Amino acid sequence: MKTAVIVFPGSNCDRDVQIALRNATDSEPLMIWHQETEMPSIDLIVIPGGFSYGDYLRSGAMAAHSPIMREVVSRAQSGTPTLGICNGFQILTETGLLPGALMRNTSLKFACCSVFLRVENSYSAFTHHYDDEEIISMPIAHLDGSFYTDDFTLTKLIDNSLVAFRYCDASGNTSKEANPNGSLHNIAGIFNSSRNVLGMMPHPERSTDPIMGRTDGARLFDALVASF
Amino acid sequence: MANSTITAELVAEHGLDDKEAEHMIEVLGREPNITELGIFSVMWSEHCSYKSSKKWLRELPTQAPWVIHGPGENAGAIDIGDGQAIVFKIESHNHPSFIEPYQGAATGVGGILRDVFTMGARPIANLNALRFGNPENNKTRHLVSGVVSGIGGYGNCVGIPTVGGECGFHPCYDGNILVNAMSVGLVEHDRIHCARASGPGNLVIYLGAKTGRDGIHGATMASAGFDDAVDAKRPTVQVGDPFTEKLLLEACLELMATDAIVAIQDMGAAGLTSSSFEMASRGDLGIEIDLDQVPLREPGMSAYEIMLSESQERMLMVIRPDRVEDARKIFSKWELDFAVIGQVTNSGRMVIRHQNTIAADLPIKPLADSAPEYDRTWVRKETSLSTPKPATEPDIDTALNLLISCPDLSSKRWIWEQYDHTVMADTVQLPGGDAAVIRVHGTAKGIALTTDCTPRYCAANAVEGGRQAVAESWRNLTAVGAQPLAITNCLNFGNPERPETMGQFVGTIEGMTEACRILNMPVVSGNVSFYNETRGSPVHPTPTIGGVGLIESLNSMQRIAIDEAGLHLILIGSTYGHLGASLYLREIHGIEDGPPPPVNLNLEQKHGSLVRSLIHRGTVRACHDISDGGLLVAVAEMSLAGGTGVTLFLPETDIAPHAFWFGEDQGRYVLAVEDKNVEPILLTCCSENIPALQLGTSGGSHISVEESFQISLADLSYKHETWFPDFMKNTDNRSVED
């Protein structure tokens, strides 16, 4: 399986994703600099977290216009599995591959903690190693993670089962208290309509190692390898 | 400005006293021009020259077989085996953070990160030590909010986990908060880079962000106390750009992977002046700089301004002429400024050209070597020998409730959840334990990290306080199973021209020296911050110790959490019920008096070594050292961390119950062990003549002392967790950095 990690100036989870992919696929991911305009045949594209372009203007806004992104959009539209994590999710919404926007956390503070997620749809290349409604745990670390969209789009996301993960408590309740950033409907991650594009604020690459006390993220990468 | 006449007033404004001014003219052989005066002023400032502290700093132990670079480089470096080294340093950014908390704290993080990656190391963790004034003081909240978001804003963006630190409050910091930032990096031995210029003809390269008018005289500001006009100093605070720092970090490490760089140094305090001066001075060479080549943010800057600007995210590098194009390629990939601004010479002089004139021409060695060094008058303060005895004592459970929710002991979750502490995916022990633990990537090794100081002990007795700060750091590292290796220190004091303050400094160094020697934990880097005083009122002496230890295998790492029932609690070390200078007296009775608890360094060594070997043998399920608040607070913290209650019994003792539970005797640990290991551990302690006492067992959802009291863990946890968010509530609904 050939994987690629897109690297922007200011990406800072690129190395963590590289390691997670290396461990999951047993091969070396391609690190692609934002100024490239094309890439070889690739089976999975990951846009990692960080502060691309220092989050200037708006998180993800400038990265969405980097030269490589035209190629990423075209690959994603033709079906290549594409995963955006944290800043990567913000970039995917800015390119229009995913709907909605990630606004400033309602606390106005950066939030780094471990959260519980409820798996809303296990029918995708990314999530088929989880069960529907399974409760998993991953870290978050962001300032702009409050998912927002208009009512029409929200209804469409829900009706078409395009919500991948929702923030919940240890027993699976998607309560206000379990929502770390004020996201609409406790949304933590969404698919595009073909479910080959996933954007999520939590960091699966930071929960792949038993020594960290959590491995739920590894199951996402393993699922991608298995579906290849 | 270049043509200003140098008047006595102008010299005084530059912080040079009469003697220093005389000496300057002697070194130069003539009157300086304004640019030269500016250069002298920063190079001889307390901040850059350590003129009041040098004499005493020489006493600190700096050597050990594992020390690769001690003080004198950008940061210290120690060997951790397998050809790897840990590079680390702590530094203060106190004055700027008080004036402009967000930018002051942010640029503090930026500066210390550059000190680490200038050495060729990739930063893998940041820590900090923060001291604020009275929580009741209106300004305190604003400062806490700004400092915490500044530290987070910078470190999070660069992508370095902030994994630990400490935060305390005391009215002595009302006018001078302390913001000490520590950074830790990892490097292969053969990739360590130094800041010693060599090879006349090699080129001097300017890297990073452009130079602006910000931060001029930052170093001089940090070398004087505050008065009422403190807000007028806002323009001397620099503005940070963590995005540029991240690019600079990646570009430097990419270039450092080749062998192109001869020497490299970041432009920190006193900017281009001190970086160029220090590199040339270390190599005993000269340097020529053409200021017309320096990338500027705004037109019309004078030589004086360019030389003294403290604009952030800049580096100076010496490189062989044949490698310039390779380097330029890397820096243009990262879209950073890259300019050849001069060359190394063998003239021994610093020659600065600007707009076809010579703006400065100074002898390097004489200026550096003859920097003033003072043996300032000092007196030692009498230590109060008797501990006041209040007429009545509250119930133990009342006192525990108060202590666990007091500002200093309350949970600091509100702070560390604003720091990305999991990026880089190697954080094994999160904030909240005795020490943070970072895995050395791709290995089974762990690096344990901590920052410590107990300023109230230092205020009561500086020697004992210095000893204790080092001992506590050593103990914290030990409690996670690490072998303590070395420390970095940030010595925060008042005005050294006051004999009492200087006496505190001298005493602290004496105590630290002894502790470093006996515990075999040398000082490899550090920083002195004097003049932390406002209108004559100084902060408590606060020697922050940043400790680094090595865990050979993460399998033998220890945590503080008691998370299962049926464990037995064992107290290691002697309990005398020492309440002098304790948190108990301060928080419960409002008394700050009495001698601090004495530290017996030989026993410290003996007890710690035993605890570490028990941990390595796998016989310990949880371990915590005892510090602020004493034994019962330590047990409560273990219980809260694991969500499991404990039942304790008060052993037969002559010590009054409150003194037994809250006394702060040193050299002690609490272990939680399985039933089968109790006997063997007690026997081992007995045969080594180390006091060990069974305290009780774990289980249930309460902390109770037999027949005396019972506190629900949920209630205690609520109190522990809510003080900080409640305190900060009024600032939480508005953004402070805007």
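This text follows the structure it describes.
These remarks concern the structure in this document.

About the cut-offs
- Residues numbered from 1 in each chain as written.
- Chains lettered and ligands numbered in written order.
- Predicted model: local features only at pLDDT ≥ 70, side-chain atom pairs only at ≥ 80, totals over all residues.
- Heavy atoms only, no water.
- Helix = DSSP H or I, 4+ residues; strand = E, 2+ residues; numbered from the N terminus.
- Rg over C-alpha atoms; globule rule 2.2 N^0.38 Å.
- Buried < 20%, exposed > 50% of the residue type's maximum accessible area, 1.4 Å probe, protein only.
- Contact = heavy atoms within 4.5 Å.
- Axes fitted to C-alpha atoms, helices over the stretch in contact; angles between N-to-C directions.
- Parallel < 35°, antiparallel > 145°, perpendicular 65-115°, else oblique.
- Left-handed = near helix turned anticlockwise from the far one by under 90°.
- Nonpolar A, V, L, I, M, F, W, Y, C, P; charged D, E, K, R; others polar.
- Pairing = 2+ DSSP bridges.
- Patch = residues over 30% accessible without salt bridge, like charges linked within 9 Å, V, L, I, M, F, W, Y side chains within 5 Å.
- Areas by Shrake-Rupley, 256 points an atom, 1.4 Å probe, with all protein chains shown as cover.
- Salt bridge = Lys/Arg side-chain N within 4 Å of Asp/Glu carboxyl O.
- Lys, Arg positive; Asp, Glu negative; His and termini not counted.
- Charge placed at Lys NZ, Arg CZ, Asp CG, Glu CD.
- Buried area = accessible area lost by both parts, 1.4 Å probe.
- Polar contact = N/O pair within 3.5 Å; in protein donor to acceptor, adjacent residues only side chain to side chain.
- Phe/Tyr/Trp six-rings, centres within 6.5 Å; stacked < 30°, edge-to-face > 60°.

### What to know about the overall build of chain B
Along the backbone of chain B there are 25 helices and 28 strands. For 738 residues, the compact-globule estimate of 2.2 N^0.38 gives 27 Å, and chain B sits close to it at 26 Å. For the C-alpha atoms alone, the extent of chain B along its principal axes is close to 85 × 50 × 50 Å. Burial statistics for chain B: of 738 residues in total, 65% are counted as buried. Put simply, 85% of the contacts in chain B that link residues at least 6 apart link residues at least 24 apart.

### Quick notes on the packing of helix α15 (residues 396-404) of chain B against helix α22 (residues 630-642) of chain B
Residues and elements named next belong to chain B. Where α15 contacts α22, the axes come no closer than 11 Å and their chain directions differ by 65 degrees. Considering their axes alone, α15 and α22 lie roughly perpendicular with respect to each other. Crossing geometry of α15 relative to α22 is assigned as right-handed. Across from I396, L400, L403 and I404 in α15, the residues of α22 making contact are L632, V633, A636, E637 and L640. Across the contact of α15 with α22, the residue classes tally to eight nonpolar, no polar and one charged.

### A closer look at the pairing of strand β28 (residues 709-712) of chain B
Residues and elements named next belong to chain B. Of the pairings in the sheet, the one linking strand β27 (residues 702-705) to β28 comprises four bridges and is antiparallel in character. Counterpart to V705 in the pairing with β28 is F709. If you look at the hairpin formed by β27 and β28, you'll find three residues sitting between the two strands, and E707 has a positive phi there, around 60 degrees.

### Some words on a negative patch on the surface
All names here are of chain B. A cluster of acidic residues, D17, D18, E22, E26 and E497, forms a negative patch at the surface. With respect to the helices and strands, D18 occurs in helix α2 (residues 18-28). Residue classification places D18 among the exposed residues on the basis of a relative accessible area of 67%.

### Notes on helix α5 (residues 216-226) of chain A
Regarding α5 of chain A, the residues found buried are D216, G217, A218, L220, F221, A223 and L224 of chain A. Residues of α5 of chain A that are buried make contact with α1 (14-25), β3 (44-47), β4 (82-85), β7 (135-142), β9 (163-168) and β11 (197-200) of chain A.

### Regarding the interface of chain A and chain B
Between chain A and chain B, the contact holds 30 residues from the first and 32 residues from the second. The contact between chain A and chain B buries some 2500 Å² in all, and 58% of this surface belongs to carbon and sulfur atoms. For the interface between chain A and chain B, the tally reads three salt bridges. Where chain A meets chain B, there are nine residue pairs in polar contact (both at pLDDT 80 or more). Taken together, the elements giving at least two residues each to the side of chain A that touches chain B come down to α1, β6 (111-119) and β7 of chain A. Here the side of chain A that touches chain B is composed, by residue class, of 16 nonpolar, seven polar and seven charged.

### Here's the deal with the environment of R70 of chain A
Structurally, R70 of chain A can be placed in helix α2 (residues 67-77). R70 of chain A sits in the exposed class, given a relative accessible area of 74%.

### Section: a nonpolar patch on the surface
Residues Y56, L57 and M62 of chain A make up a contiguous nonpolar surface patch of roughly 330 Å² in combined accessible area. Mapped onto the elements of the fold, M62 of chain A is located in the loop between β3 and α2.

### Structural notes on the packing of aromatic side chains
Overall, the coordinates contain 22 aromatic pairs over all chains when judged by the stated rule. Summarising the aromatic geometry, the rings of Y53 of chain A and F243 of chain B are spaced 6.3 Å apart at their centres and angled 40 degrees between planes, so their arrangement reads as tilted. Highlighted residues: Y53 of chain A in the loop between β3 and α2 and F243 of chain B in helix α10 (residues 242-256), drawn from two different chains. For the ring pair F169 of chain B and W723 of chain B, a centre distance of 5.7 Å and an interplane angle of 75 degrees mean the geometry is edge-to-face.

### Structural notes on the pattern of salt bridges
Residue and element names in this part refer to chain B. Across all of its chains, the model carries 50 salt bridges over all chains by this definition. The closest approach of N and O atoms between R122 and E250, which form a salt bridge, is 3.0 Å. With R122 in strand β4 (residues 122-132) and E250 in helix α10, this residue pair connects regions lying 128 residues apart in the sequence. Across the salt bridge formed by R586 and D408, the nearest N and O atoms sit 2.9 Å from each other. In this pair, R586 is assigned in helix α20 (residues 583-589) and D408 in the loop between α15 and α16 (413-416), connecting sequence segments 178 residues apart. We classify R586 as buried; its relative accessible area is 13%. Accessibility expressed as a relative area gives 17% for D408, which makes it buried.

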